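Read off the chains here:
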Amino acid sequence: MIVAVPSPSSRLYGPVADIVGSRFAGLDEAHPRSLWHRSGADSLIQCRGFDIPELVASGAVDIGITGYDVCVEWCLTTGEALTIRALPPARTSFVTYCTVAGRKPRTIYTEYPAITQAWMASCANLRPMRIVRLHGAAEGLIRADDNGAGVLLVTSGQTLAANGLDVEVPLLATDVCVVTRTASLSEVTLIDLRALPVLPLPSFCEATGGASGEPSPRQTRRRAASMTRESSGGPLRGA
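Remember, it's a predicted structure, so these values are computed and weren't measured experimentally.

A.B. asks: In this structure, what is going on with the side chain of Arg103? I would like to understand it.
C.D. replies: Structurally, Arg103 is set in the loop between strand S6 (93–99) and strand S7 (107–110). The buried charged residue Arg103 lacks any salt bridge partner; its closest oppositely charged side chain belongs to Asp146, at an N-O distance of 4.1 Å. A polar atom in the side chain of Arg103 sits 2.8 Å from the backbone oxygen of Asp145. With residues near it in sequence (within four places) discarded, Arg103 still touches Ile142, Arg143, Asp145, Asp146 and Gly148.

Right, here's the structure in full:
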């Protein structure tokens, strides 16, 4: 069994280490620089949390432990379904829309463009806004841009308050979760998956097709283009 977990630089490392530490003892002490560990027939790799759903979907690892927000963003971006299961609460945070009170923003800065787009599409009275993807803290940029807002991950809210931003709309709550390609695994895992509740995607994501496993618009366009090429005798990708 190969398990992927966030690396020590991640905000989720502490809670995840508590979960897998009993099986992979001495992660920090015995291997201070290693991102790969073995215990019996099981292997553990530490990597970027945002990469874990991709590793699970590709079959490179059997199960992944990462944030629910990360899994939702990946499923919406790719239009592919993964099975997400809740673990006991460890570090609950919230993905929220935030800005300066009284503003009429025209730009949203975010690490979650797919979640942001799905939420905007579900809001009938929300004005259209440009979405700019960032990797990392954006509170200072949002404060400096008189037309800026953000969809950010908030834990304590202290950084928002220090930059004069207000949390207006919590989009979803997030915590550590287990993600797999299918609803069940034939092998015995480090975690009893049967005892963990399956998490759906947030309700505002249903319009995107991600919650029901329907193809995303991008996938539909690709399939339509492939069928057109095939019917015209043109080459197909991968042929």
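A.B. asks: What is the right way to look at the sheet that holds strand S9 (residues 148–154) in this model?
C.D. replies: Consider a sheet: its strands pair through backbone hydrogen bonds, and that pairing is either parallel or antiparallel. Spatially, the 5 strands line up as an open sheet ordered S8-S7-S9-S6-S10, and their pairing is mixed. What marks the edges here is a single partner per strand, and that holds for strand S8 (130–133) and strand S10 (166–174). Ignoring which end each strand starts from, the neighbouring axes of this sheet average 20° apart. In this sheet, S10 lies alongside S6 in antiparallel orientation, the contact comprising 7 bridges. Paired with Ser93 across the two strands is Thr174, which belongs to S10. Lying over the sheet, helix H4 (residues 68–78) contacts S6, S9 and S10, oriented at roughly 85° with respect to S10. Strands S6, S7, S8, S9 and S10 of the sheet are contacted by helix H5 (residues 113–122), whose axis makes an angle of about 165° with S8.

What counts, and at which threshold
Residue numbers here run from 1 along each chain, matching the order of that chain's written sequence. Predicted model: local features are reported for residues with pLDDT of at least 70 only, side-chain atom pairs are reported and counted for 80 or more only, and whole-chain, interface and lining totals are derived from all residues. To get the side-chain values, take all heavy atoms of the structure and skip hydrogens and water. The helix count covers DSSP runs of H or I at least four residues long, the strand count covers runs of E at least two residues long, and both are numbered beginning at the N terminus. Relative accessibility decides the category of a residue: with a 1.4 Å probe and only protein chains considered, values under 20% of the type maximum give buried, values over 50% give exposed, and everything between is partly exposed. Asp and Glu are treated as the negative residues and Lys and Arg as the positive ones, with His and the ends of the chain left uncounted. The salt bridge criterion pairs a side-chain nitrogen of Lys or Arg with a carboxyl oxygen of Asp or Glu, the two atoms within 4 Å. Two N or O atoms form a polar contact when they lie within 3.5 Å of each other; inside protein one atom must be a possible hydrogen donor and the other a possible acceptor, and for residues adjacent in sequence the pair counts only when both atoms belong to side chains. Throughout, a residue-residue contact means that at least one pair of heavy atoms, one from each residue, lies within 4.5 Å. Two strands pair if DSSP finds at least two bridges between them. Axes here refer to lines fitted to C-alpha atoms; in helices the fit is confined to the stretch in contact. Angles between the N-to-C directions go from 0 to 180 degrees.

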